[in-house]
Amino acid sequence: MALLSRLALLRVVPSLVAVLLVGGPALASQSAEAPEYQVKAVFLFNFAQFVDWPPVARPDSAPLVIGVLGGDPFGRVLDATVRGEHLGARPFAVLRFARVEDIGACDILFISQSEGSRVEAILAGLGNRAILTVSDINGFATRGGMIHFVTDKHRIRLKINVDAARAARLTISSKLLRLAEIVSTQGR
Amino acid sequence: MVVTALSLVLSLVFSAMLPVCAQQPDSAAQALKAMSIEQLMNLEVISVLGRPERLAQAASAIQVITQEDIRRSGASSLPEALRVATNLQVAQVDSRQWAISARGFNSTTANKLLVLIAGRTVYTPLFSGVFWDAQHVALEDVDRIEVISGPGATLWGANAVNGVINVITKDAGASAGLLVSGGGGTELRGAGTARYGGALGSSARYRIYGTGFARDPTALSSGQDAPDDWHLGQGGVRLDWDVSTASRVTLQGDLYDGRIGQATAGDIAVSGGNVMAKWSRTISATSNLAAQLYYDRTHRIIPGTFGEDLDIYDLDVRHRTRLGTRHDVAWGAGYRLINDWVTNTAALAFLPAHVARQWFTGFVQDEISVAADRVHIALGTKLEHNDYSGFEIQPSARIDWTTGPSGTLWAALSRALRTPSRIDRELFAPGQPPYFLAGGPDFLSEKALVYELGYRYQQGGVSLAVATFYSRYHGLRSLEQANPPAAAPLVIANGQDGESYGAEVAADYRPTGRWRLRAGYTELRIHVWPNPGSTDTTRGATENRTPDRQFLLRSSLDLPAGLRFDTGLRAIGAIANQQVPAYTELSAKLTWQAAAHLGLSVVGQNLLHRRHAEFAAPATRREIERGVYGRVEWRF
């Protein structure tokens, strides 16, 4: 009986091989596309140049922190994107947070899709802290977040909630706003 | 030889990744950083497609229990955490046993529910139900639990007749650092978890954990302790490795050992473990592939009743691709092999004592977007071959319609099967002839045809979900008289039909940013009747022990000074055919986040009564006692 089971396991190996081979040739045909989160990591890095934070008492060389809240979709690419980069005298740093209570110093916060059901609670937890909130969670900007990555026909679009940014005393450059769809939650 | 096959499969998987390993993500980042925002916005991105279950979930009665929900509920075990889902029926039977089901047909051997933990199917081929005492999970490691009431057979597989519970654990990257938690009290006598997560180079993360608990016995109706105290220890590891930006490997494994007291014949011993390899890769912007392989071993001795050694080997491959602009096609194949050795006793026997059984499965689903993405239709079917009933087909059709900015209307029609398990064909009692009860050599699958209609609404801080259903069952398990009118012996057959209908309502309301209220109400009716020619007299009573209605209310309040206060109320109707009275119970948790790294909490469970019954006939009933425990959690 034991022999039978071993033979049965071996019988499935060829089918796995077939699937892997089918997957193989497709790899070679990749064109000028980029992995989604590689591009999003570069967006996060670029946002630092388009946002003015309110002046605070901190050393000029304090790191500019990009935080990731929840399940990290970037793997190592976000760290690789900002490695060795500076904004003025400020080096970039990437920190990962499991919970909103854990967030200490942070300038840009990417909220992972794993947090989709708790966006309102997270934003409430942040209050009006001067943190640029960014996410690809459905309806992020209309739910009170600042920058929403919308993937449309395989391209990334931005939706920006200017009221949310203003409430946190952040100024987003008109160069960025021109390229984005503006969302307002005022009067809600 | 099994090891050889495993290493062969793994080496194939890894060699297939080699072309991608050569890519340098750092240089890719440099090239992208040289682009302007406009150029980035014009770049075509490769998205990792969502899981093929997306639509099946959109057009179904799904509830999600998040990590935060688990933490705030004060749950100390997986079954307790499942009480958060208002579309489940959850009843504690004794210290180790639970009766958990959706849409009725509940019992300790409830067999119409599919339960997945970290990708493993955990219902036993012995009776198609779950031994909850062998399914411990370190709750800190759970990312979320998806609970679907209603059929999910097309995508998830056999047994998903009335529901699916999918426990998804965190990526190792989401559990970095050291976590130590511990505590104890009156019913949960002591519990502790230690977990450490770290990185291996820049592309791999790992975690290692150990956890254990000791539980007090439940009570007899007289108030005396039933000697069912329970101890369990468990440990495991998980490794997540981003081989490239497009492919990922996960390796994980767990080991556990537990002991539960019995009134007679010595302690119950439960031990086992599992090891799994998962691999996924994004082939292109519109195509991805995932495969997983696992081995799961269970050892169980219930002195005086039976013993079991079970080995499960399971392989699953899924591919998903977009065809044109409207079609999103998912298909997959699976193979499952079990080797089951039962140690028979004077009380009962599984004959033959040892079996090897195989399952071959395949599924295909096409998700079609119409009306400018406002309507999605999913058509699919599962095809399965098992050693008991041969080829089986489980098709479904689902539709969801976005009716406005806040509402979604959905409907589904599904055929789902509960395929035969060892208990239906191979159980004999007592352990030697003459048998009072004998397995049915002709037992085939129980079949259900399920009609569902639901609506979901979300606007601002309010969300509401309503799901209604009608299910028609054919060939439900019956006990037929072998030589009527003699009451015994009995043979297991498919002699009954039945129907169930009802509604599940769930509401979520945030009066303020710091206060959240959630409520769920379920109304459920089940009728089971013998078919012409059947001599069954149970009318489903042996399988269906479910209250007609239940109401659950949960409040989560964030107070100043790092305090959080949570309460959960449940009002559960009577279980008529077991004479279990209706009951109302309350749990509460007060948490103080004393510092960023230190949390203290006090949890009260079943606070309203000194003890109460949730399940089982009076003669064998255990009662669940009020419990209080304290807990400390450090994170470094």
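Residues numbered from 1 in each chain as written. Chains lettered and ligands numbered in written order. Predicted model: local features only at pLDDT ≥ 70, side-chain atom pairs only at ≥ 80, totals over all residues.

Novice: Can you break down the overall build of chain B residue by residue, with the values?
Specialist: Summing up its helical and strand segments, chain B has eight helices and 35 strands in all. At 25 Å, chain B has a C-alpha radius of gyration in line with the 26 Å of a compact globule built from 636 residues. Overall size of chain B, expressed as C-alpha extent along the three principal axes, is 85 × 55 × 55 Å. A burial count over chain B gives 47% of its 636 residues as buried. Restricting the contact set of chain B to residue pairs at least 6 apart, pairs at least 24 apart contribute 59%. (Helix = DSSP H or I, 4+ residues; strand = E, 2+ residues; numbered from the N terminus. Rg over C-alpha atoms; globule rule 2.2 N^0.38 Å. Buried ≥ 20, exposed ≤ 12 C-beta atoms within 10 Å, placed from the backbone. Contact = placed C-beta atoms within 7 Å.)

Novice: Residue-level account of the overall build of chain A, with values.
Specialist: On a plain count of helices and strands, chain A comes out with six helices and 11 strands. In chain A, buried positions account for 40% of the 188 residues. Relative to all contacts within chain A whose residues are 6 or more apart in sequence, the contacts with residues 24 or more apart total 59%.

Novice: Explain the sheet that holds strand S5 (residues 113-117) of chain B residue by residue, including any values.
Specialist: Pairing between sheet strands relies on hydrogen bonds along the backbone, with the strands arranged either parallel or antiparallel. Residues and elements named next belong to chain B. Sheet architecture is open: five strands sit in the order S2-S7-S8-S5-S6, paired in mixed fashion. With one partner strand each, in any of the chains shown, strand S2 (61-66) and strand S6 (120-121) form the two edges of the open sheet. As paired strands, S2 and strand S7 (residues 142-149) are joined by six bridges and run antiparallel to one another. Paired with Ala61 across the strands is Ser149, a residue of S7. (Pairing = 2+ DSSP bridges.)

Novice: Outline the pairing of S5(B), supporting the account with residue identities and numerical values.
Specialist: Residue and element names in this part refer to chain B. Of all five residues in S5, four are buried, a share of seventy percent or more. Alignment of S5 against S6, held across two bridges, turns out to be antiparallel. Residue pairing for S6: Ile117 is matched across the bridge by Arg120.

Novice: Could you give an account of the environment of B:Ala595, naming the residues involved and the relevant values?
Specialist: By the element assignment, B:Ala595 lies in strand S31 (residues 583-595). Expressed as a C-alpha distance, the spacing of B:Ala595 and B:Gly562, which sit 33 residues apart in the sequence, is 8.3 Å.

Novice: Report on unusual backbone geometry, specifying residues and quantitative values.
Specialist: The linkage connecting B:Ala429 with the following residue, B:Pro430, adopts the cis geometry, with an omega of -5°. Mapped onto the secondary structure, B:Pro430 falls in the loop between strand S23 (427-429) and strand S24 (437-438). Look at the link from B:Ala488 to B:Pro489: it is a cis peptide, with omega at 0°. One non-glycine residue, A:Arg169, adopts positive backbone phi at about 60°. Within the secondary structure, A:Arg169 is located in the loop between helix H5 (162-167) and strand S10 (171-172). The backbone of B:Ala561 shows a phi angle near 65°, a positive value even though the residue is not glycine. Position of B:Ala561 relative to the elements: it lies in the loop between strand S29 (549-559) and strand S30 (563-572). The exposure class of B:Ala561 is exposed, given the 7 C-beta atoms found within 10 Å.

Novice: Mind laying out the environment of B:Gln224, listing which residues take part and the relevant values?
Specialist: As for its placement among the helices and strands, B:Gln224 is situated in the loop between strand S11 (204-215) and strand S12 (230-242). When the C-alpha positions of B:Gln224 and B:Pro581 are compared, they lie 20 Å apart, and in sequence the two are 357 residues distant.

Novice: Report on the sheet that holds strand S11 (residues 181-183) of chain A, specifying residues and quantitative values.
Specialist: Residue and element names in this part refer to chain A. In spatial order, the strands read S4-S5-S3-S6-S7-S8-S9-S11; together these eight strands make up an open sheet with mixed pairing. Looking at strand neighbours, the two that pair on one side only are strand S4 (86-87) and S11, the edges of this open sheet. Where strand S3 (residues 64-69) lies against strand S5 (residues 90-97), six bridges are found, and the strand directions are parallel. For Gly67, the partnering residue across the bridge sits in S5 and is Leu95.

Novice: Explain the nonpolar core to me, using residue names and the numbers behind them.
Specialist: In this structure, B:Ala81, B:Leu82, B:Val115, B:Val147, B:Ile165 and B:Val167 are the most contacted members of the largest nonpolar core, which totals 78 residues. Among the elements that take part in this core, strand S26 (residues 462-481) of chain B stands out by supplying five residues, more than any other. If you look at the next biggest cluster of nonpolar residues, it comprises 49 residues, including A:Leu64, A:Ile66, A:Val134 and A:Ala165. (Core = buried A, V, L, I, M, F, W, Y, C linked by C-beta atoms within 7 Å.)

Novice: So what's going on with helix H2 (residues 36-50) of chain A? Residues and values would help.
Specialist: Residues and elements named next belong to chain A. Along its 15 residues, H2 runs 21 Å from first to last C-alpha, staying within 8% of the 21 Å computed at 1.5 Å per residue. Of all 15 residues in H2, 11 are buried, a share of seventy percent or more. Among the residues making up H2, those that are buried are Glu36, Tyr37, Gln38, Val39, Lys40, Ala41, Val42, Leu44, Phe45, Phe47 and Ala48. (Expected span 1.5 Å × (residues − 1).)

Novice: Could you give me a rundown of helix H4 (residues 119-126) of chain A, with the residues and numbers involved?
Specialist: Residue and element names in this part refer to chain A. Listing the buried residues of H4 in full gives Ile122, Leu123 and Leu126. Seen along its axis, H4 keeps its buried residues to an arc of 95°; they face one direction. Where the residues of H4 are buried, they touch S3, strand S6 (108-111) and strand S7 (132-135). Remark: Gly127 follows H4 within two positions and exhibits a positive phi of approximately 60°. (Arc of directions from axis to C-beta.)

Novice: Describe the environment of B:Gly498, listing the residues and the values that go with them.
Specialist: All names here are of chain B. Assignment of secondary structure puts Gly498 in strand S27 (residues 490-512). Considered as a pair, Gly498 and Leu220 are 278 residues apart in the sequence and their alpha carbons are 34 Å apart. When sequence neighbours within four positions are dropped, the list of residues in contact with Gly498 reads Tyr473, Leu476, Ile526, His527, Val528, Trp529 and Gly540.

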